[in-house]
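Now for the letters of each chain:
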Amino acid sequence: MNAGDTAFILLCAAFVFIMTPGLAFFYGGMVRRKNVGNTMMQCVFIMGVSVIMWVLVGYALSFGGNHAGIIGGAKWFGFNGVGMKPGPYADTIPNLAFAAFQMMFAMITPALITGSVAGRMKFKAIFLFVFLWQFVVYYPMAHMVWGGGFLAQIGSIDFAGGNVVHISSGVSGLVLAILIGKRKGIEKRSVVPHNIPFVVLGASLLWFGWFGFNAGSALAADGLALHAFTTTNTSAACAMLSWMIIDIIKGGKPTVVGACTGGVIGLVAITPGAGFVPIWASFIIGALVSPICYFALSV
C-alpha cells in the first residue's frame, strides 16, 4: 500500500461529498422561493440514506463478486471483510478507502435526478423512488461498468462516471419528468431563479468537488490524476466562456446563471474521458458542449 495514495483518495472522497450539498444550493437557487426547502431537502436526505444503503448492501452489489455480469454478490454486505488490505480494484490503497470513495459517487448520482422534478414531486415519493432506483439502476450499472460486469468485459470505458453517474441519472430524470408531466400553471421557461448567490455557491462547490471526482478516479496520486485535474478545469472554463458568448450574442450581455450553467456542463462533458483525452481536446469539448446544450434547451 501507499500512504500518499490513500491520503489522496480520502481527500478526493471528501471533495466528492461536498458536491451533494453544492448541488442542493445549485438547484435550490434555480427554483421558485416556495420550492427551495423541498428542493434542497431532496438532496440533503440522500446524503444520509445513500451512505446507509452503500455500507449495508450497495458496495457488495456493485463490487462484491459477479452474477451474470449484471450485479455483484453478498460477500461484502455490511462492509464485512472490507478492510485495510488492497482490494481487487486498486493495488495501492485499502479496500475500505476505495469503498469510501465510491460511496460518494453513489451519493451524488441520485441527487442529480432531483433537479428534473424540483417543485413537482412530493418528498415521500422521491424518497421511495431514490431507495428503489439505487437497486434497479445504480448498483447494477456501477457493477457492469466498474465492477467487472459485462460492459467492462466488452471494453466499455468510463473514467469517472459518464455512464454510471451522468447518463444513468440524466436518462432517469428525463423519464421521471415525462411521467410526472408539466408543472401546473407555469409556462415553459417562466421560472426565474429565486436566489442567484445560491446558484453561484452551488456551482462553485460542484466545480471544487469535481477535482476529486475526476482526479480521484485515477485511484493514485500520480500523473494520470494530474492530467484528469487539468482537463477537468480546462473543459469547465471553456464551456463557461462559450455559454457567456452565446448569452452576449442572443441577449446582449452575459448572465451569472448562464456562466454557472456553462461551467457545470463543461464538467459533465469531460468526465467520461478526463483521464484519456489530450489537454487540447478538453478545449474543444468545453467549447462545443455549451452551444449544443443551449440550443437543445431552446427547442
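Residues numbered from 1 in each chain as written. Predicted model: local features only at pLDDT ≥ 70, side-chain atom pairs only at ≥ 80, totals over all residues. Heavy atoms only, no water.

Colleague: Help me understand the overall build of the protein in this model?
Modeller: Secondary structure assignment for the protein yields ten helices and zero strands. For the protein, the α and β elements follow one another from N to C terminus as α-α-α-α-α-α-α-α-α-α. Expected size for 299 residues packed as a compact globule is a radius of gyration near 19 Å; at 19 Å, the protein falls within 12% of this value. Considering only C-alpha atoms, the protein reaches an extent of 55 × 45 × 35 Å along its principal axes. Per-residue burial over the protein gives 52% buried out of 299 residues. Put simply, 73% of the contacts in the protein that link residues at least 6 apart link residues at least 24 apart. Accessible surface, the protein: about 13300 Å² in total, of which carbon and sulfur atoms supply 73%. (Helix = DSSP H or I, 4+ residues; strand = E, 2+ residues; numbered from the N terminus. Rg over C-alpha atoms; globule rule 2.2 N^0.38 Å. Buried < 20%, exposed > 50% of the residue type's maximum accessible area, 1.4 Å probe, protein only. Contact = heavy atoms within 4.5 Å. Areas by Shrake-Rupley, 256 points an atom, 1.4 Å probe, with all protein chains shown as cover.)

Colleague: Please clarify how unusual backbone geometry should be interpreted in this entry.
Modeller: Among all residues except glycine, the phi angle is most often negative; among peptide bonds, the trans geometry is most common. Phi at Phe79 takes a positive value of approximately 60°, unusual for a residue other than glycine. Mapping Phe79 onto the fold places it in the loop between helix 2 (36–63) and helix 3 (95–113). Classification of Phe79 by relative accessible area gives buried; the value is 15%. If you check the backbone angles, Leu219 has positive phi at about 60° while not being a glycine. Of note, Leu219 is situated in the loop between helix 7 (196–215) and helix 8 (223–251). Overall, Leu219 belongs to the buried group, its relative accessible area being 16%.

Colleague: Honestly, the side chain of Ser50 in this entry has me stumped. Any pointers?
Modeller: Positionally, Ser50 belongs in helix 2. One polar contact links the side chain of Ser50 to the main-chain carbonyl oxygen of Ile46, over a distance of 2.5 Å. Aside from chain neighbours lying at most four places away, what touches Ser50 is Ala106, Met107 and Gln134. (Polar contact = N/O pair within 3.5 Å; in protein donor to acceptor, adjacent residues only side chain to side chain.)

Colleague: Honestly, the nonpolar core in this entry has me stumped. Any pointers?
Modeller: Nonpolar side chains tend toward joint burial in soluble globular proteins. Of all hydrophobic cores here, the largest spans 78 residues; its most connected members are Trp54, Tyr59, Tyr138 and Phe213. If one sorts the elements of this core by residue count, helix 3 sits on top with 13 residues. Ignoring any residue separated from it by four or fewer positions in sequence, one finds Tyr59 in contact with Trp54, Gly64, Trp76, Phe79, Val82, Asn95, Phe98 and Ala99. Counting residues in hydrophobic clusters, the runner-up holds six residues, among them Ala239, Trp243, Ile246 and Val289. (Core = buried A, V, L, I, M, F, W, Y, C linked by side-chain atoms within 4.5 Å.)

Colleague: Hey, could you run me through the environment of Lys124 in this one?
Modeller: For Lys124, the position within the fold is in helix 4 (residues 123–146). Taking the C-alpha atoms as reference points, Lys124 and Gln42, separated by 82 residues in sequence, lie 9.8 Å from one another.

Colleague: Just checking my understanding: could you explain the environment of Tyr139 for this structure?
Modeller: If you trace the backbone, Tyr139 turns up in helix 4. A residue is classified by how much of its surface remains accessible, and Tyr139, at 0% relative accessible area, is buried. The spacing of Tyr139 and Trp54 is 85 residues in sequence and 9.3 Å in space, taken between C-alpha atoms. Dropping the residues within four chain positions of it, Tyr139 is found in contact with Met53, Trp54, Val57, Gly58, Leu61, Ser62, Ile71 and Gln134.

Colleague: Teacher, can you tell me more about the packing of aromatic side chains here?
Modeller: The description of two aromatic rings rests on the distance between their centres and on the angle between their planes. Counted according to the given criterion, the structure contains 28 aromatic pairs. Judged by centre distance (5.1 Å) and plane angle (10°), the rings of Tyr59 and Trp76 are stacked. Within this pair, whereas Tyr59 is found in helix 2, its partner Trp76 is found in the loop between helix 2 and helix 3, the two being separated by 17 residues in sequence. Like Trp76, Tyr59 is buried. Relative to Phe127, the ring of Phe123 has its centre 6.2 Å away and its plane inclined at 55°; by these criteria the two rings are tilted. (Phe/Tyr/Trp six-rings, centres within 6.5 Å; stacked < 30°, edge-to-face > 60°.)

Colleague: Explanation requested: the packing of helix 8 against helix 9 (residues 256–270) in the structure shown.
Modeller: When two helices pack together, their arrangement is given by the angle between the helix axes and the distance between those axes. Close contact between helix 8 and helix 9 brings their axes to 7 Å; oriented N to C, the two are set at 140°. As the angle between them shows, helix 8 and helix 9 are arranged oblique. For the crossing formed where helix 8 meets helix 9, the hand is right-handed. Residue-level inspection shows Thr231, Thr232, Ser235, Ala236, Ala239, Met240, Trp243, Met244 and Asp247 of helix 8 in contact with helix 9, the latter providing Gly258, Ala259, Thr261, Gly262, Gly263, Ile265, Gly266, Leu267 and Ile270. A breakdown of the residues in the contact of helix 8 with helix 9 according to their chemical character gives nine nonpolar, eight polar and one charged. (Axes fitted to C-alpha atoms, helices over the stretch in contact; angles between N-to-C directions. Parallel < 35°, antiparallel > 145°, perpendicular 65-115°, else oblique. Left-handed = near helix turned anticlockwise from the far one by under 90°. Nonpolar A, V, L, I, M, F, W, Y, C, P; charged D, E, K, R; others polar.)

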